[in-house]
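Close look at the chain arrangement
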There are 2 protein chains.
Amino acid sequence: MERIITISREFGSGGRELGRRLADKLSYAYYDREIIEEIAKRTSLSERYVQSIIDGHNSFSFPIHIGHSFYLPSSPLSEQATRIFEEQRTIVEELTRKAPCVIVGRCADYLLRETKPFSIFVYADIESKIIRCRKRAPVNEKLTDRELEKKIKRIDKKRAKYYEFYTGRSWGQKLNFDLCINTSRLDLDVLATALSRLF
Amino acid sequence: MERIITISREFGSGGRELGRRLADKLSYAYYDREIIEEIAKRTSLSERYVQSIIDGHNSFSFPIHIGHSFYLPSSPLSEQATRIFEEQRTIVEELTRKAPCVIVGRCADYLLRETKPFSIFVYADIESKIIRCRKRAPVNEKLTDRELEKKIKRIDKKRAKYYEFYTGRSWGQKLNFDLCINTSRLDLDVLATALSRLF
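Just so we're clear, the structure is a prediction, and the values are computed from it rather than from any experiment.

Re the layout of surface pockets
All names here are of chain B. Size it by volume and the largest pocket reaches roughly 870 Å³. Considering the residues around the largest pocket, the lining is formed by 35 residues, among which R9, F11, R16, I155 and R159 are closest to the centre. Every element with two or more residues in the lining of the largest pocket is listed here: β1 (4-9), α1 (15-26), α2 (33-43), α3 (47-54), α5 (108-111), α6 (126-136) and α7 (145-167). Of all the elements, α7 adds the most residues to the lining of the largest pocket, at eight residues. Among the residues forming the lining of the largest pocket, the class breakdown is 13 nonpolar, seven polar and 15 charged.

Thoughts on the relation of the copies chain A and chain B
For the pair chain A and chain B, the superposition axis carries a translation of 0.0 Å, the fit reaches an RMSD of 0.0 Å, and the rotation angle comes to 180°. Both copies are brought into coincidence by an operation consistent with a two-fold rotation axis. When the interface residues of chain A are mapped onto chain B, 100% of them are again interface residues, pointing to one common binding face.

Looking at the state of the cysteines
Per the stated rule, a full pass over the model turns up zero disulfides over all chains. Left without a disulfide partner, C107 of chain A is nearest to the cysteine sulfur of C101 of chain A, which lies 16 Å away.

Side note on the pattern of salt bridges
Residues and elements named next belong to chain A. On inspection of all chains with the given rule, the structure shows 36 salt bridges over all chains. With a closest N to O distance of 2.6 Å, K129 and E10 form a salt bridge. In this pair, K129 is assigned in helix α6 (residues 126-136) and E10 in the loop between β1 (4-9) and α1 (15-26), connecting sequence segments 119 residues apart. Owing to a relative accessible area of 15%, E10 belongs among the buried residues under this scheme. With a closest N to O distance of 2.8 Å, K153 and E149 form a salt bridge. A residue pair is termed a helical-turn pair when its members lie 3 or 4 positions apart in one helix, as K153 and E149 do in helix α7 (residues 145-167) at four residues. On the basis of relative accessible area, K153 is assigned to the partly exposed category, the value being 47%. Accessibility expressed as a relative area gives 26% for E149, which makes it partly exposed.

Conventions used here
- Residues numbered from 1 in each chain as written.
- Chains lettered and ligands numbered in written order.
- Predicted model: local features only at pLDDT ≥ 70, side-chain atom pairs only at ≥ 80, totals over all residues.
- Heavy atoms only, no water.
- 1 Å grid on protein atoms, 1.4 Å probe; cavity = no way out; pocket = protein on both sides within 12 Å on 5 of 7 lines; lining within 4 Å.
- Points joined across faces, edges and corners; volume = space filled by probe spheres on them.
- Helix = DSSP H or I, 4+ residues; strand = E, 2+ residues; numbered from the N terminus.
- Nonpolar A, V, L, I, M, F, W, Y, C, P; charged D, E, K, R; others polar.
- Least-squares fit on C-alpha atoms with pLDDT ≥ 70 in both.
- Contact = heavy atoms within 4.5 Å.
- Disulfide = S-S within 2.5 Å.
- Salt bridge = Lys/Arg side-chain N within 4 Å of Asp/Glu carboxyl O.
- Buried < 20%, exposed > 50% of the residue type's maximum accessible area, 1.4 Å probe, protein only.

Here it is as structure tokens:
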């Protein structure tokens, strides 16, 4: 079985925690935030700025792919976003050459598609995403359930837009993944133990 | 974890084999064809006829659900299809009261939704479905790859139509399942072993 696992995930679905637990059980490297840090280093941009670009500013209005050719955006912001994406590609490829690993986010399922990683999509119903977000929220967060639901949906919409912009693929399409996991009713540790048996 | 597992599957994806292996590993009962036999017994229709109705004759042109009320079809064929579906519901509910089990097909994920079974959707890319179908095809089957692809897609379209007609849900929607499994690159026995750890 493949020694590279990519995890794409909806906000609040527990995909990151699942990735970390799975990496632990398999003694694989785990990459998530580290990739942002490395992009920041290589581009001399702040981590916060890189993150804000990746989280989706409003220029992702049409795909960067048109057919098989690349559309080269001309605004400075778009150029920076493209440069960040290209650094992301280079770093993700470098990391996978080092050792078996779990990569969370970063369009890694798409960036590594030629080498066919084992790719997982993690999702959940809105009720369990709200519960999970509440548990991890800063103590001073005062959002109502309705506000939190809106926030979750807004973040997922941005993730989808970012993914679709750079990959030309629809986000979360079953056929692009080996497994799609609904964490609404599953214990993440039990799940990680079961999944580790696949590798 | 739930002791009832439902498996919905695309044609040629290996969902039935996965279900049987999983039932074996868990020492759960396994139901598939047995449900058709039981419907036939209770309705005094032939198994073949019951199967043909379930496989989707062309009357599934609009959903039996309209909002929250039932539409009662008036043609004898539709009445028979409805009766078969209702028997299916009764039998599936009876079976799950007996003992832990795996049920393949039969819209069981929908029929049992109140009791929240662990529900799995099994799918695969068309290339691996063709390979799987070839392995199980009768020796005298002489379909070209293109013809086989058409056949697979036609059967899946009928399954989707049947499911949507009786449930009012879209077939294979991620959120209706706990797990969606792409068998294109996975060994079914390894997969069944891993899954059995969830129960």
